[in-house]
Amino acid sequence: MKVIGGVAFSIAATLLFLRVVGTFPEMEVPPQWFGAGAVCAAVISTPVCIFLNLQGRKIAELHARLSEAYLELERRASIDQMTGLSNRETFLAAIDHHPARGWLVVGDLDHFKQINDRHGHAIGDQVLEKVGEAIRLCVREEDICARLGGEEFGIFLPKASRQTAEAIAERIRSAIEDLSIPTRAGEMVMPTISIGASNRGASSLSDLIERADDAMYRAKHKGRNRVVFAEAARLERIGRVRV
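Residues numbered from 1 in each chain as written. Predicted model: local features only at pLDDT ≥ 70, side-chain atom pairs only at ≥ 80, totals over all residues. Heavy atoms only, no water.

Peer 1: Break down the packing of aromatic side chains for me, citing the residues and quoting the values.
Peer 2: Here the structure, examined in full by the defined rule, presents 1 aromatic pair. The interplanar angle of 65° and the centroid separation of 5.1 Å between the aromatic rings of tryptophan 103 and phenylalanine 229 together place this pair among those described as edge-to-face. With a gap of 126 residues between them, tryptophan 103 in strand E1 (residues 102–109) and phenylalanine 229 in strand E7 (residues 227–229) connect regions that are remote in the sequence. Each of the two residues, tryptophan 103 as well as phenylalanine 229, counts as buried. (Phe/Tyr/Trp six-rings, centres within 6.5 Å; stacked < 30°, edge-to-face > 60°. Helix = DSSP H or I, 4+ residues; strand = E, 2+ residues; numbered from the N terminus. Buried < 20%, exposed > 50% of the residue type's maximum accessible area, 1.4 Å probe, protein only.)

Quick look at the structure:
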């Protein structure tokens, strides 16, 4: 369609030029020149229009590929390649700019260094991948999941009630406890995770993270493979101080 339009424009421009030339004194243009001009314009412009049309398509395809490549680079820059979850920077930025309050759930795999030391980093990588999959299957569509670094994971639950946060945190803990990763030696690696959670409320991001981390460490100290909420951890510390 573009080629036809280009050829038609070329013919029309040629005929208009001949007509304008014919208006000058002593510059009469014979009628047959109009036919010859139209034919010449069509013969010359057709291959030119075809070439330009093909080049235009190639340029459009290149632009589309560049856009796709840019989007892929942007996506990779925000994703943890091991687990497919968001990376730490993207996760924290998303929480910081999220308009809704909610719960931050932080989990740290128990004895992960021992898994790497005993079975090798390849098995450790498989554990991280499986944990990432398990987390994705346990959360809601609106929840934000990330690998924060090493064997630590974070989940932000926007607009979640305490009951919902507890249910999701426990579901994650249970799903990871049920994982079994076979090794070449015929052993089974069965990871567990200690989870802490805190409510965003009106607190700052740094305070939110600090309280979630504190609750997670309380879960470690209480025997690992369990969920502790920040308020419960704080009350427990107060009780111990009073005693």
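Having seen the structure, we can now continue with the description.
Peer 1: Explain the packing of helix H5 (residues 121–138) against helix H6 (residues 162–177) residue by residue, including any values.
Peer 2: Put simply, H5 and H6 touch, their axes get as near as 9 Å, and they point 145° apart. For the crossing formed where H5 meets H6, the hand is right-handed. Residues Val131, Ala134, Ile135 and Cys138 of H5 pack against Ile168, Arg171, Ile172, Ala175 and Ile176 of H6. Of the residues assigned to the contact of H5 with H6, the class counts are 8 nonpolar, no polar and 1 charged. (Axes fitted to C-alpha atoms, helices over the stretch in contact; angles between N-to-C directions. Left-handed = near helix turned anticlockwise from the far one by under 90°. Contact = heavy atoms within 4.5 Å. Nonpolar A, V, L, I, M, F, W, Y, C, P; charged D, E, K, R; others polar.)

Peer 1: Would you mind going over unusual backbone geometry in detail, with residue names and values included?
Peer 2: One non-glycine residue, lysine 159, adopts positive backbone phi at about 60°. Along the chain, the position of lysine 159 falls in the loop between strand E3 (152–158) and H6. For asparagine 225, which is not glycine, the phi dihedral falls at a positive 50°. Relative to the helices and strands, asparagine 225 is located in the loop between helix H7 (205–221) and E7.

Peer 1: Please give an account of the sheet that holds E3 that cites residues and values.
Peer 2: Reading across the sheet, the 5 strands line up as E2-E3-E1-E6-E7 and stay open at both edges, with mixed pairing between neighbours. Of all the strands in the sheet, just strand E2 (144–149) and E7 have a single pairing partner and so form its edges. On average, each strand axis in the sheet is tilted by 20° relative to the strand beside it, whichever way the strands run. In this sheet, E3 lies alongside E2 in antiparallel orientation, the contact comprising 5 bridges. Within E3, the position partnered with arginine 147 by the bridge is phenylalanine 153. The strands touched by H5 within the sheet are E1, E2 and E3, with E3 carrying the most contacts at an inclination of about 10°. Contacts between H7 and the sheet are confined to E1, E3, strand E6 (193–199) and E7, with E6 contributing the most and set at about 145° to the helix. (Pairing = 2+ DSSP bridges.)

Peer 1: A description of the pairing of E6 should follow, citing residues and the corresponding values.
Peer 2: A regular strand places its side chains on the two faces of the sheet in alternate fashion. Most of E6 sits inside the fold, with 6 of its 7 residues counted as buried. As defined by bridge partners, E1 adjoins E6 across 7 bridges and the pair is classed as antiparallel. Pairing of aspartate 108 across the sheet is with serine 194, part of E6.

Peer 1: Any chance you could break down H6 for me, citing the residues and the numbers?
Peer 2: Every α-helical turn comprises 3.6 residues, leaving residues that sit three or four positions apart pointing alike. If you check H6, its first and last C-alpha atoms are 22 Å apart, about what 16 residues at 1.5 Å a residue would give, namely 22 Å. Tucked into the core, H6 has its buried residues touching E1, H5, E3, E6 and E7. (Expected span 1.5 Å × (residues − 1).)

Peer 1: With reference to specific residues and values, describe the confidence of the model for the protein chain.
Peer 2: Summary statistics for the protein chain give a mean pLDDT of 83 and a share of 73% for residues scoring 70 or more. Predicted confidence for residues 235–243 stays below pLDDT 50, and this span has 4 contacts to residues more than four positions away or in other chains. (pLDDT = per-residue confidence, 0-100.)

Peer 1: So what's going on with H7? Which residues, and what values?
Peer 2: An ideal rise of 1.5 Å per residue puts 24 Å on 17 residues; H7 measures up with 24 Å between its terminal C-alpha atoms. Positive backbone phi, at 125°, marks glycine 223, one or two positions downstream of H7.

Peer 1: Any details on the pattern of salt bridges? Residues and values, ideally.
Peer 2: Per the counting criterion, the structure on display carries 11 salt bridges. Between glutamate 166 and arginine 162 there is a salt bridge whose closest N-O contact spans 2.7 Å. In this pair, glutamate 166 and arginine 162 are both assigned in helix H6, 4 residues apart and thus about one turn of the helix distant. A single network of salt bridges, built from pairs that share partners, joins Asp108, Asp110 and Lys220. (Salt bridge = Lys/Arg side-chain N within 4 Å of Asp/Glu carboxyl O.)

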